[in-house]
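Chain residues, written in single-letter form:
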Amino acid sequence: MQNFVFHNPTKILFGKGTVASIGDETVLLGKKVLLVYGSGSIKNNGLYEQVIQSLHSAEATIIEYPGVQSNPVLSHVHTGIELAKENNCDVVCAVGGGSVIDEAKAICAGATVQHDVWKFFTGKKSVRNPLPLTTVLTLAASGSEMNSGMVITNTETSQKFGFANKHLYPKTSILDPTVTCSVPADYTAYGAVDAVAHVLEFYFTTVDPYTPVQDRLMEGLIINAMESCDRVLQNLNDYKARADLMWTATLALNGLTGAGLGKVGFPMHMIEHSLSAFYNVPHGAGLSAVIPGWMRYHANRQAPRFAQFAERVFDIREGSVEKKAEQGIEALSAWFTKVKSPTNITALNIPGKDISKIAENAMTLAKVWRMKDYNEKKIEEILQKCL
Ligand code: NZQ
Ligand code: ZN
C-alpha cells in the first residue's frame with residue numbers, strides 16, 4: 001500500500017427526484033448561473049424544464065449556453081468563457097454527460113483568468129480560483145461528475161488533451177438514474193466501456209506488486225459495469241440497472257480506485273484521445289478499439305497480472321498463466337462485441353496507413369502527461385495490434 005491522500009470534495013445527491021435540488025444547491029454558490037448543456041437531449045427528455053424550474057424557484061438568474069458537442073472543442077469553450085465574463089456569472093451549472101461537464105469545468109477555469117484557457121491543458125498555467133460548478137449528470141460514463149479532470153479538443157492542432165486540478169471538482173453533482181433512461185443503447189454501451197477502461201488503466205499500470213484492497217475493488221467495479229450494462233441493454237428503462245451502472249461509472253474514476261496504488265498511467269486513453277481528435281469517434285468506442293491491442297502488447301510482460309484479471313473477472317481457471325492471460329483478453333473483447341462496441345480500429349474505418357500519424361499525435365499528449373515509458377515506436381506497435 002503506497003502513501004496517499006484521498007480527498008474528494010464533491011457532494012453527491014443520488015436517486016429519483018434529486019434533480020429538483022439543483023436550484024438550491026447552485027444558488028448556495030452564486031445567483032448568476034451560466035447553464036451549460038449539449039445539443040438537445042435534455043429538451044427531448046424533459047430534464048431542461050425541471051432544471052429551469054428549480055433554478056428559477058431558487059431565484060437564480062440564468063444565462064443559457066447550449067451547443068456543447070460530444071468530444072467538446074476549445075473554440076466552444078472560448079465562447080462560453082466570454083459569455084460568463086460578459087454576464088459576470090458567479091457559478092456554472094452543467095447538465096449533460098462528460099462532454100458538457102468537462103466543457104463547463106474548462107469555462108470555470110478560463111472565466112477567472114486573462115490568458116488562453118488552453119495553457120492549462122498544455123501545463124503552461126495552473127488553475128487557482130475557478131468559478132464553482134454544479135452538475136446534473138445525464139450519462140453514466142466519464143466520472144467527470146465526481147472528479148477534477150476534463151478533456152477538450154483543440155481542433156486547430158488536432159490535440160485532445162486532458163488535465164486535472166483539485167479546484168475543479170464539482171461542488172455538488174445530482175445523479176438521478178431516471179434521466180439516463182433516454183440514453184440510447186450505443187452510448188449506454190460506450191459509457192460502460194469507458195467506466196471499465198478507467199479501472200483497467202490503473203489495474204494494469206500500478207507497479208505495486210501487492211494491492212489486494214484495490215484489486216478486489218477494481219475487479220468488482222469492472223464486473224458491475226459489464227453486468228449492469230447488460231441489464232440496461234435488455235431494458236433501457238430498468239431503473240435499478242441504470243442506478244447500478246451510474247454509480248459504478250462514478251466510482252470508477254473518482255480517485256478511490258487509485259488510492260494507495262502509487263504511480264499509475266492512463267495509456268489506453270492517451271492513445272484513444274488521438275482517435276477522437278482525428279476521427280471524432282465516441283470516446284468509449286475508441287477505447288474498445290484500442291484496449292484489446294494494448295492488452296495483447298502487454299500480456300506477456302505482465303502475464304500473472306493478466307491471469308489474475310482473467311480468473312477474478314471472468315472466472316477463467318484452466319491452463320497456464322500465459323493461456324489464462326490470453327483468454328482474459330478474449331473474454332473482454334467478446335463482451336465489447338456483445339455490447340456492439342468495436343474491438344479494433346478497422347471497425348472504426350481507421351486505415352492502417354494512419355498509424356504513424358496517430359502515434360505522433362498521441363506522443364504529444366504522452367509528453368504532457370510525462371509518460372516516459374512511451375515513444376512513437378511503442379505506440380505504433382500497439383496500434384498494429386489494434387488493426
Ligand atoms: O449533446 P447532448 O444532448 O448532451 O447529447 C449527448 C451526446 O450526443 C447524448 N446524451 C447525453 N445524455 C443523454 C444523451 N442522450 C439521451 N439521453 C441522455 N440522458 O449522448 C452523446 C454523448 O454524450 P457525451 O457527454 O459526449 O458522452 P460521455 O458522457 O461519454 O462524455 C464523453 C467525454 O468525456 C470525456 C471524453 O474525452 C469525452 O470528451 N472524458 C472525461 C473524463 C473526465 N472528466 O474525467 C475522463 C474520461 O476518460 C473521458 O475522457
Ligand atoms: Zn474515459
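Quick caveat, the model's predicted, so the values are computed rather than measured.

**So, the pairing of strand β4 (residues 91-96)**
Of all six residues in β4, six are buried; the element is thus mostly enclosed. Residue alternation in β4 divides its side chains into two sets, Val91, Cys93 and Val95 and Val92, Ala94 and Gly96, and both sets are buried. When strand β2 (residues 32-37) meets β4, the two strands line up parallel, connected through five bridges. By the bridge assignment, Leu35 is partnered in β4 with Cys93. Alignment of β4 against strand β5 (residues 133-137), held across five bridges, turns out to be parallel. Counted as the bridge partner of Val95 is Val136 from β5.

**Some thoughts on the site of ligand 1**
Close contacts around ligand 1 come from 33 residues, with Ser41, Ser70, Gly98, Ser99 and His198 the closest. Gly98 has a polar backbone atom sitting 2.7 Å from an oxygen atom of ligand 1. Here an oxygen atom of ligand 1 sits 2.6 Å away from a polar atom, N or O, in the side chain of His198. Out of a free accessible area of 940 Å², ligand 1 has 91% covered by protein chains. Every element with two or more residues in the shell around ligand 1 is listed here: α5 (98-110), β6 (149-154), α7 (185-203) and α10 (267-279). Within the shell around ligand 1, the residues separate by chemical class into 10 nonpolar, 20 polar and three charged. For the shell around ligand 1, the two domains that each supply at least three residues are domain 1 (11-178) and domain 2 (185-384).

**Brief notes about the pattern of salt bridges**
In total, this model carries 11 salt bridges according to the counting rule given. The residue Asp244 makes a salt bridge to Arg231 at a minimum N-O spacing of 2.8 Å. In this pair, Asp244 sits in helix α9 (residues 239-251) while Arg231 sits in helix α8 (residues 212-234), placing the two residues 13 residues apart along the sequence. Given a relative accessible area of 30%, Arg231 falls into the partly exposed group. Between Arg296 and Glu330 there is a salt bridge, with its nearest N and O atoms 3.4 Å apart. With Arg296 in helix α11 (residues 283-299) and Glu330 in helix α13 (residues 321-338), this residue pair connects regions lying 34 residues apart in the sequence.

**Comments concerning the layout of surface pockets**
Reported here for the second largest pocket is a volume of approximately 170 Å³. As for the second largest pocket, its lining consists of Phe120, Phe121, Thr122, Gly123, Lys125, Ser126, Val127, Phe163, Ala164, Asn165, Val368 and Arg370. Elements with a contribution of two residues or more to the lining of the second largest pocket: α6 (118-121) and β7 (159-164). Taken together, the residues that form the lining of the second largest pocket break down as six nonpolar, four polar and two charged.

**Some words on the coordination of the zinc ion (ligand 2)**
At the metal site, the zinc ion (ligand 2) is ligated by Asp194 (OD), His198 (NE2), His269 (NE2) and His283 (NE2), and these contacts range over 1.9 to 2.3 Å. Considered as a linear motif, the donors of the zinc ion (ligand 2) on their single chain read D-x3-H-x70-H-x13-H. Of this pair, His198 sits in helix α7 while His283 sits in helix α11, and the two are 85 residues apart along the sequence. Per residue, the accessibility class of His198 equals that of His283, and both read buried.

**Notes on the domain arrangement of the protein**
A common way to report how large an interface is uses the accessible area buried once the components associate. Each domain of the protein was delimited in the assignment, giving domain 1 (11-178) and domain 2 (185-384). Across the contact, 29 residues belong to domain 1 and 28 residues belong to domain 2. Across the domain 1 to domain 2 interface the summed buried area is about 2,300 Å²; carbon plus sulfur atoms make up 64%. Here domain 1 is connected to domain 2 by zero salt bridges. For the pair domain 1 and domain 2, the number of links is nine residue pairs in polar contact (both at pLDDT 80 or more). Within the residue set of the side of domain 1 that touches domain 2, elements represented by two or more residues are β1 (11-14), β6 and β7. When the residues that make up the side of domain 1 that touches domain 2 are grouped by side-chain class, the tally is 12 nonpolar, 13 polar and four charged.

Cut-offs applied
- Once a new chain begins, its residue numbering starts again from 1 and follows that chain's sequence as written.
- Chains carry letters and ligands carry numbers; both start at the beginning, A for chains and 1 for ligands, and go up in the order they are written.
- In view of the model being predicted, local features appear only for residues whose pLDDT reaches at least 70, and side-chain atom pairs are presented and counted only at 80 or more, with totals across whole chains, interfaces and linings using the full set of residues.
- Computation of side-chain values covers all heavy atoms of the structure but excludes hydrogens and water.
- Summary of the burial criterion: residues with accessible area below 20% of their type's maximum are buried, those above 50% are exposed, and those between are partly exposed, where the area comes from a 1.4 Å probe applied to protein chains only.
- A run of DSSP states H or I qualifies as a helix once it reaches four residues; a run of E qualifies as a strand once it reaches two. Both are numbered from the N-terminal end.
- Note on pairing: DSSP must find at least two bridges between two strands before they are called paired.
- Proximity criterion: a residue is near a molecule or strand once any of its heavy atoms comes within 4 Å of it.
- Each polar contact in these results corresponds to two N or O atoms within 3.5 Å; when the atoms are within protein, one needs to be able to donate a hydrogen and the other to accept it, and residues that are neighboring in sequence are counted only if both atoms are side-chain atoms.
- The method behind every accessible area is Shrake-Rupley, applied with a 1.4 Å probe, and residues are considered shielded solely by the protein chains displayed.
- Under the grouping applied here, Gly and all other residues not named as nonpolar or charged are polar, the nonpolar ones being Ala, Val, Leu, Ile, Met, Phe, Trp, Tyr, Cys and Pro and the charged ones Asp, Glu, Lys and Arg.
- The start and end points of each domain follow an automatic or database-based domain assignment.
- By convention in these notes, a salt bridge is any Lys or Arg side-chain nitrogen within 4 Å of a carboxyl oxygen on Asp or Glu.
- Whether a set of points on the 1 Å grid over the protein atoms alone is a cavity depends on a 1.4 Å probe fitting there but being unable to get out, while an open set qualifies as a pocket with protein on both sides within 12 Å along at least five of seven lines; lining residues are those with an atom within 4 Å of a point.
- Grid points are joined across faces, edges and corners, and a volume is the space filled by probe spheres set on the points.
- Donor atoms (N, O, S) are those found within 2.8 Å of the metal centre, with the cutoff raised to 3.2 Å for Na, K and Ca; water is not part of the atom list, so apparent gaps in a site can occur.
- Contacts are assigned to residue pairs with any non-hydrogen atoms lying within 4.5 Å of each other.
- Buried surface area refers to the total accessible area, computed with a probe of radius 1.4 Å, that the two partners give up upon joining, counted for both partners together.

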